[in-house]
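Summary of the model geometry
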Amino acid sequence: MNPSTLVRSLTRGLDRLSRSGMMFHAMSKRTHAYVRVSTDQQGDSGLGLAAQRHAIELAASEEGLTVSITHEEIASGSDSERPVLLAMIAALRKGDAVIVAASCRLSRSESLAGWVEFEIAKRGARLIVASERGVSELERSLRRVINAEERRRIAARTRAALAAKRRRGEKTGGIAPFGFTVMDGKLIPCESEQWIIRTIADLRRDGMSLRQIAAELNARGVATKTGRAWAPQTIANALKVTA
């Protein structure tokens with residue numbers, strides 16, 4: 001999802017929360033702690049949940065604050081499904097503070113991180129980034145630009161590496177397509193499924209539609225790789241292997 005689409009999606013989610021009244025009500029000013037890890041990032045790079053909480057507590061103490069509410073989320077930094085983050089923003093009141101261990105915990109997207117900061121400020125709250133205390137706004141902006149450029153370079157290198165693997169006939173993710181199995185990272189024809197592909201191709205040449213072929217295989221009790229019933233799309237995918 002591109003950054004502008006991501007921001008629009010989160011904005012709509014925040015609007016829905018605000019309209020539904022899903023927000024905390026309190027008279028006093030509160031200090032919110034927001035911690036996030038990706039599903040595959042529970043303890044790596046020193047930014048696990050425990051490490052983030054520790055950094056936040058130190059920053060709060062130095063600011064003379066006490067954390068009132070801790071919001072924990074397991075989600076990708078570029079994910080549009082961020083219900084905990086949206087609920088926290090919707091709950092903010094004038095004078096509140098939000099503390100995060102690092103700006104990348106809000107988002108790894110420069111535009112999305114900027115959107116989050118804008119929404120926090122719009123509600124009269126202030127954002128404290130533990131790793132950036134004492135850093136000027138200019139330096140923070142430069143860091144975001146540099147981090148965004150590094151992410152683009154990493155993504156480009158990853159795409160190039162995956163393309164090279166595909167050219168070598170290596171599997172790059174997901175389950176093997178019907179008619180094949182994976183051995184040492186490479187796709188190897190599976191004869192027990194290849195004959196089904198040949199049958200599908202023969203039925204197609206005989207003039208049967210994709211839906212008719214699916215019904216025929218289901219009637220014969222022929223199983224797909226996942227054990228589900230055949231459908232026109234799975235027939236089409238199998239035919240691509242023979243193309």
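If you're wondering where the values come from, they're calculated on a predicted model, not measured in any experiment.

Thoughts on the pattern of salt bridges
Taken as a whole and judged by the stated rule, the model has 11 salt bridges. For Glu 63, the salt bridge is made with Arg 126, and the minimal N-O distance between the two is 3.5 Å. Placement of the pair is Glu 63 in the loop between α2 (49-62) and β2 (69-74) and Arg 126 in strand β4 (residues 126-129), with a sequence separation of 63 residues. Exposure remark for Arg 126: the relative accessible area of 40% places this residue in the partly exposed category. With a shortest N-O distance of 2.8 Å, Arg 220 and Glu 216 are connected by a salt bridge. Linking Arg 220 with Glu 216, this pair stays in helix α7 (residues 210-220), spanning four residues, or about one helical turn.

Overview of the confidence of the model for the protein
Across the protein, the average pLDDT comes to 80, with 78% of residues at or above 70. When pLDDT is averaged over each helix and strand of the protein, the minimum, 63, is found for helix α1 (residues 3-20) and the maximum, 96, for strand β3 (residues 97-100). Note on residues 22-27: pLDDT under 50 across the span, and 12 contacts to partners over four residues away in sequence or across chains.

Description of the environment of Ile 56
By secondary structure assignment, the location of Ile 56 is in helix α2. A relative accessible area of 2% means that Ile 56 is categorised as buried. Setting aside chain neighbours within four positions, we find Ile 56 in contact with Ala 33, Tyr 34, Val 35, Val 67, Ile 99, Val 100 and Ala 101.

With respect to the nonpolar core
One broad rule of soluble globular proteins: the nonpolar side chains tend to lie buried together. Among the nonpolar cores identified, the biggest contains 15 residues, and Leu 85 and Val 116 are the most heavily contacted of them. When residues of this core are traced back to their parent elements, those giving at least two are α3 (83-91), β3 and α4 (110-122). Beyond its immediate stretch of four places on either side in the chain, Leu 85 contacts Tyr 34, Glu 73, Leu 106 and Val 116. Formed by 13 residues, the second largest nonpolar core is a distinct cluster that contains Phe 178, Leu 203, Ala 214 and Trp 230.

A few points about the side chain of Asp 96
Positionally, Asp 96 belongs in the loop between α3 and β3. Only 3.3 Å separates the side chain of Asp 96 from the side chain of His 32, close enough to count as a polar contact. When neighbours within four sequence positions are excluded, Asp 96 is seen to be in contact with Ser 28, Lys 29, Arg 30, His 32, Ala 91, Gly 124, Ala 125 and Arg 126.

Regarding α2
Compared with the 20 Å implied by 1.5 Å per residue over 14 residues, the 20 Å span of α2 between its first and last C-alpha is a close match. When we look at burial in α2, the residues that qualify are Leu 49, Gln 52, Ile 56, Ala 59 and Ala 60. Take α2 and look down its axis: the buried residues cluster within an arc of 100 degrees, on one side only. The exposed residues of α2 that point more than 90 degrees off its buried face are Ala 50, His 54, Ser 61 and Glu 62. Here the buried face of α2 lies against β1 (31-37), β2 and β3.

Quick notes on the sheet that holds β1
The sheet built from four strands is open, its strands ordered β2-β1-β3-β4 with parallel pairing. Unpaired on one side and paired on the other, β2 and β4 mark the two borders of the sheet. Within this sheet the neighbouring strands show an average axis-to-axis angle of 20 degrees, counted without direction. As paired strands, β3 and β4 are joined by four bridges and run parallel to one another. Of the residues in β4, the one forming a bridge with Val 100 is Val 129. With respect to the sheet, α2 is in contact with β1, β2 and β3, its orientation differing from that of β1 by roughly 155 degrees.

What counts, and where the lines are drawn
- Residues numbered from 1 in each chain as written.
- Predicted model: local features only at pLDDT ≥ 70, side-chain atom pairs only at ≥ 80, totals over all residues.
- Heavy atoms only, no water.
- Salt bridge = Lys/Arg side-chain N within 4 Å of Asp/Glu carboxyl O.
- Helix = DSSP H or I, 4+ residues; strand = E, 2+ residues; numbered from the N terminus.
- Buried < 20%, exposed > 50% of the residue type's maximum accessible area, 1.4 Å probe, protein only.
- pLDDT = per-residue confidence, 0-100.
- Contact = heavy atoms within 4.5 Å.
- Core = buried A, V, L, I, M, F, W, Y, C linked by side-chain atoms within 4.5 Å.
- Polar contact = N/O pair within 3.5 Å; in protein donor to acceptor, adjacent residues only side chain to side chain.
- Expected span 1.5 Å × (residues − 1).
- Arc of directions from axis to C-beta.
- Pairing = 2+ DSSP bridges.
- Axes fitted to C-alpha atoms, helices over the stretch in contact; angles between N-to-C directions.

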